Amino acid sequence: MMSRATRRKVTNVVMFTLTGVCTLVAVSVLFFILGYLVWQGGRSLSWTFFTQLPAPVGEVGGGFANAILGSTKLLLLASAIGIPIGFMGGVYLAEFGGNTAGFLVRYMTDLLNGVPSIVMGIFVYALIVLPMRHFSTFAGGVALGIMMIPIAVRSTEEFLRAVPNSLREGALALGATKWKSVATVVIPAAMRGILTGIMLDLARVAGETAPLLFTALNNQFWSPGWNQPTASLPVMIFTHAISPYEDWHRQAWAAGLVLLSLVLVTNIGARFVLRGQTHTSEG
Amino acid sequence: MRTLTRTVERSTPRATRQFVRRLQHGDQVAYLITFIFAATIFLITVLLFFELFRSSALAREKFGWSFLTQTTWDPVALEFGALPFVYGTLVTSAVALIIGVPLGIGASIFLAELAPPRLSSTLAFLIELLAAVPSVIYGLLAIFTLVPFLRDYIAPVLRSTLGFLPIFQGPSYGVSLLAAGMILAIMILPFIISISREVLLAVPREQREASLALGATRWETAWNVVVPYAKAGIIGSIFLALARALGETMAVTMVVGNTPQIRASLFSPGHSIAAAIANEFTEATSDIYLAALVELGLVLFCITIVVNAVARLLILGMTRKSMAPS
């Protein structure tokens, strides 16, 4: 029989070891994902992946060139919609948003952020695909653009608020009007943070699949212009992964590796940029 | 501002007066422009709800509340009951929470109470990277690693040890409610860990010191003092994770088996609301079929709004408490 003190000490060690194991499990999942994708994707990745169209069923080879271009176009359009609305909305909330309207907009932004991505797909389908009567790059870009808004708003607002008030007061004291001080002093001071936030936002929607399933649909060929269905990396990964063909699985791994590298590089880069930001504002 | 204008008007030549007025005009223009963009966000959200409501009108009128209680989903006979999907969504999310919450809270206690600050922030960053991994990649990995592993190793073990429970009976093909729940558990981990870690770190030092001074061990301090203090925030993080699990589409649809049925066994294939929409939306041939799918979306939307709101209230309450002078 253990003494009470020993039992408490043993509990202490055992429980903290268990929490350590929990942490280890969580972190090792990341390394498992990375390792497995590098292993499977690395052996499947080749130059043709970036330059060729998908091969027809039954043929070996081919690439995801159309999906890469499609994803790029979708992200361009998404940026053109999501960044202006998100940025200006964020400026409004940070600089003029202390009233009821500000509260409402902030509340709606949070709500929009919580909308499941598949529901966003339905929304854009009802809004654009049904009236236009066909799936298109345009609809997909709009869906991703709307998904970008909440995070763009929040990061803009947060970084603008982090700008010290003395900067604003300094500009006003020198005779600048409010918008002058916001446009030439406050926004430039917060620019690095805002841009980083937007890059993270882009990386996030780059991997979104669900809103594209019935807006941009998919395409085995090139998709000229904005009015036709287009292939995109995440949707291609999905269709290839659930297909029964060995060679398609290979392509899905390669695409997965490309997509994951893109997302992780952006995230790690953002971490270092933001770390510099906090250091300068502290020092 | 008005007094400023008045003094300027009285004492300065006309050109300066106009200049000042123009500047203030600029203020109003800037305000108006940003306001229009902010109002757009408001309108988009309202429009989203309106579109869902309008496009599901056909199904809502025809089935009423029985939509949520009927178990038959038969697009050919035009009979639509959402219960199998609701069941699948709830069960997979419950499995995710049962696995994810203990792991997540354990890891956050380790990161907040034991790990040195540098190690803690590095590990927290690595775990947050997990949240950035696209869900389709989780699905891809789950199909080729988790599903076979579950079928060949986990299911037989569960059947031989806990097989007396109805949830662990029957054949296992790999794709199942259990597989979906397990991949969801991994996907919600970073949310639980990063938020819980932050609320635990926000607990005032005095609380720990007082407990240690009374002779409690570090574990007793963490478990009996720090965790209860941060309870609201931790529960908030769990609700946030739940909202994410409920709405998750791709990873679930890739491993859940996409069979609209209600079975007690976790080894059996099932379905979820989001997966049903993803699978059937482009195949919906009749208006009523489409409306039924949109109504599924509306149901999902409402559930996640409520869960998100609860999470936000809990986390907000917690941060207020920790910011107040103690």
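All residue numbers refer to position in the chain's written sequence, counted from 1. All chains are assigned letters beginning with A, and all ligands numbers beginning with 1, in the order in which they are written. Local features are withheld for residues below a pLDDT of 70 in this predicted model, meaning they are given only at 70 or higher, and side-chain atom pairs are given and counted only at 80 or more; totals for whole chains, interfaces and linings count all residues.

Let's talk about the overall build of chain A
To keep it simple, the criterion reads: Helix numbers and strand numbers start at the N terminus; a helix is a DSSP run of H or I with at least 4 residues, a strand a run of E with at least 2. Remark: C-beta atoms are placed from the backbone, and a residue is labelled buried if 20 or more other C-beta atoms sit within 10 Å of its own, exposed if 12 or fewer do, or partly exposed between those counts. We call two residues in contact whenever the C-beta atoms placed from their backbones are within 7 Å.
When helices and strands are counted, chain A shows ten helices and zero strands. For chain A, the sequential pattern of α-helices and β-strands runs α-α-α-α-α-α-α-α-α-α. The buried share of chain A, taken over its 283 residues, is 49%. Intrachain contacts of chain A at a sequence separation of at least 6 include 73% that bridge at least 24 residues.

A word on the overall build of chain B
Selection criterion: Atoms counted for the radius of gyration: C-alpha only. Globule rule: 2.2 Å times the number of residues to the power 0.38.
When its secondary structure is counted, chain B shows 13 helices and two strands. Over its C-alpha trace chain B gives a radius of gyration of 27 Å, far above what one expects of a compact globule, namely 20 Å for 326 residues. In terms of overall dimensions, chain B has C-alpha extents of about 95 × 70 × 35 Å along its principal axes. When burial is assessed residue by residue, chain B has 49% of its 326 residues classed as buried.

What to know about the confidence of the model for chain A
Here is the rule: Predictor confidence is given residue by residue as pLDDT, running from a minimum of 0 to a maximum of 100.
On average, residues of chain A score 91 in pLDDT, and 97% of them reach the 70 mark or higher. No element of chain A has a lower mean pLDDT than helix 10 (residues 246-282) of chain A, at 84, and none a higher one than helix 6 (residues 137-162) of chain A, at 96.

Details of helix 9 (residues 218-229) of chain B
In plain terms, the rule: The span one expects for a helix is its residue count, reduced by one, times 1.5 Å. Note: the arc covers the axis-to-C-beta directions of the helix.
With twelve residues, helix 9 of chain B should reach 16 Å at 1.5 Å per residue; the first-to-last C-alpha distance of 15 Å fits that figure. All of the buried residues in helix 9 of chain B are Trp219, Thr221, Ala222, Val226, Val227 and Tyr229 of chain B. The arc that holds every buried residue of helix 9 of chain B, seen down its axis, measures 140°, which confines them to one face. Buried positions along helix 9 of chain B lie against helix 1 (4-44) of chain A together with helix 4 (83-114), helix 7 (177-201), helix 8 (205-213) and helix 10 (231-247) of chain B.

As for the packing of helix 3 (residues 65-96) of chain A against helix 8 (residues 178-206) of chain A
Residues and elements named next belong to chain A. Definition in use: Comment: axis = line fitted to C-alpha atoms, over the contacting stretch for helices; angle = value between 0 and 180 degrees taken between N-to-C directions. Under this scheme an angle from 65 to 115 degrees is roughly perpendicular, one under 35 degrees roughly parallel, and one over 145 degrees roughly antiparallel; angles in between are oblique. By the definition used in this description, the sense in which the near helix is turned from the far one sets the handedness, with an anticlockwise turn below a right angle giving left-handed and a clockwise turn giving right-handed. Throughout this entry, Asp, Glu, Lys and Arg are counted as charged residues, while Ala, Val, Leu, Ile, Met, Phe, Trp, Tyr, Cys and Pro are counted as nonpolar. The remaining residues, Gly among them, count as polar.
Helix 8 packs onto helix 3 with a crossing angle of 140° between their chain directions and a minimal axis gap of 10 Å. Viewed along their axes, helix 3 and helix 8 adopt a mutual orientation that is oblique. Regarding helix 3 and helix 8, the two cross each other, and that crossing is right-handed. Where helix 3 approaches helix 8, its residues Ser71, Leu75, Ala78, Ser79, Ile83, Val91 and Glu95 are matched on the opposing element by Val182, Ile198, Leu202, Val205 and Ala206. Class assignment of the residues belonging to the contact of helix 3 with helix 8 gives a composition of nine nonpolar, two polar and one charged.

Describing the interface of chain A and chain B
On the chain B side, the residues contacting the 69 residues of chain A number 68 residues. Taken together, the elements giving at least two residues each to the side of chain A that touches chain B come down to helix 1, helix 3, helix 4 (100-114), helix 5 (117-132), helix 6, helix 8, helix 9 (233-241) and helix 10 of chain A. With 18 residues, the top contributor of residues to the side of chain A that touches chain B is helix 1 of chain A.

A few points about unusual backbone geometry
The residue Arg133 of chain A is not glycine, and still its phi comes out positive at about 65°. A positive phi angle, near 50°, is found at Asn258 of chain B, a position not held by glycine. Among the secondary structure elements, Asn258 of chain B is positioned in the loop between helix 11 (250-255) and helix 12 (273-280). Judged by local crowding, Asn258 of chain B falls into the buried class, with 20 C-beta atoms found within 10 Å.

Here's the deal with the domain arrangement of chain B
How big an interface is tends to be expressed through the accessible area that disappears when the partners come together. Selection rule: Delimitation of the domains relies on an automatic or database domain assignment.
Here chain B is described as being made up of domain 1 (2-55) and domain 2 (63-323). The straight-line distance from the C-alpha centre of domain 1 of chain B to that of domain 2 of chain B is 44 Å.

Re the nonpolar core
Residue and element names in this part refer to chain B. We count it as follows: The term nonpolar core refers to a set of buried Ala, Val, Leu, Ile, Met, Phe, Trp, Tyr and Cys residues connected through C-beta atoms within 7 Å.
Ranked by size, the top nonpolar core spans 194 residues in total, and within it Ala142, Ala179, Ile183 and Val255 carry the most contacts. For this core, the element with the most residues is helix 7, which contributes 18 residues. Counting contributing residues, this core receives three or more from each of domain 1 (2-55) and domain 2 (63-323). Residues contacting Val255, with those up to four places away along its chain left out, are Gly139, Ala142, Ile143, Leu146, Val147, Val175, Ala179, Ala180 and Ile183.

Focus: the packing of helix 4 of chain B against helix 7 of chain B
Residues and elements named next belong to chain B. Axis separation between helix 4 and helix 7 bottoms out at 6 Å; the angle between their running directions is 35°. Helix-helix and strand crossings are classified by hand; for helix 4 and helix 7 the assignment is right-handed. Here the residues of the contact of helix 4 with helix 7 are counted per class, giving 23 nonpolar, eight polar and two charged.

Some thoughts on the environment of Gly42 of chain A
With respect to the helices, strands and loops of the structure, Gly42 of chain A is situated in helix 1. The class of Gly42 of chain A is exposed, set by 11 C-beta atoms lying within 10 Å.

Brief notes about the environment of Ser272 of chain B
Residues and elements named next belong to chain B. When you line up the elements, Ser272 lands in the loop between helix 11 and helix 12. The buried category is assigned to Ser272, around which 33 C-beta atoms lie within 10 Å. For the pair Ser272 and Leu83, spaced 189 residues apart in the sequence, the C-alpha separation amounts to 9.7 Å. When neighbours within four sequence positions are excluded, Ser272 is seen to be in contact with Phe85, Gly88, Thr89, Thr92, Val252 and Val256.

Description of the environment of Ala185 of chain B
Residues and elements named next belong to chain B. Its location among the elements puts Ala185 in helix 7. Linking Ala185 and Ala245, residues 60 residues apart in sequence, is a C-alpha distance of 8.1 Å. Non-local contacts of Ala185, meaning those with residues more than four positions away in its chain, are made with Val95, Ala96, Ile99 and Gly100.

A few points about the confidence of the model for chain B
Of the residues in chain B, 93% reach a pLDDT of 70 or more, and the chain-wide mean stands at 90. Per-element averaging of pLDDT across chain B places helix 1 (residues 2-11) of chain B at the bottom with 52 and helix 4 of chain B at the top with 96.

Structural notes on helix 6 of chain A
Defined as follows: Here the bend at a residue is taken as the angle between two axes, fitted respectively to the seven residues that end there and the seven that start there.
With 26 residues, helix 6 of chain A should reach 38 Å at 1.5 Å per residue; the first-to-last C-alpha distance of 37 Å fits that figure. At Ile149 of chain A, helix 6 of chain A shows its largest kink, close to 30°, and the proline Pro150 of chain A lies no more than four residues downstream.

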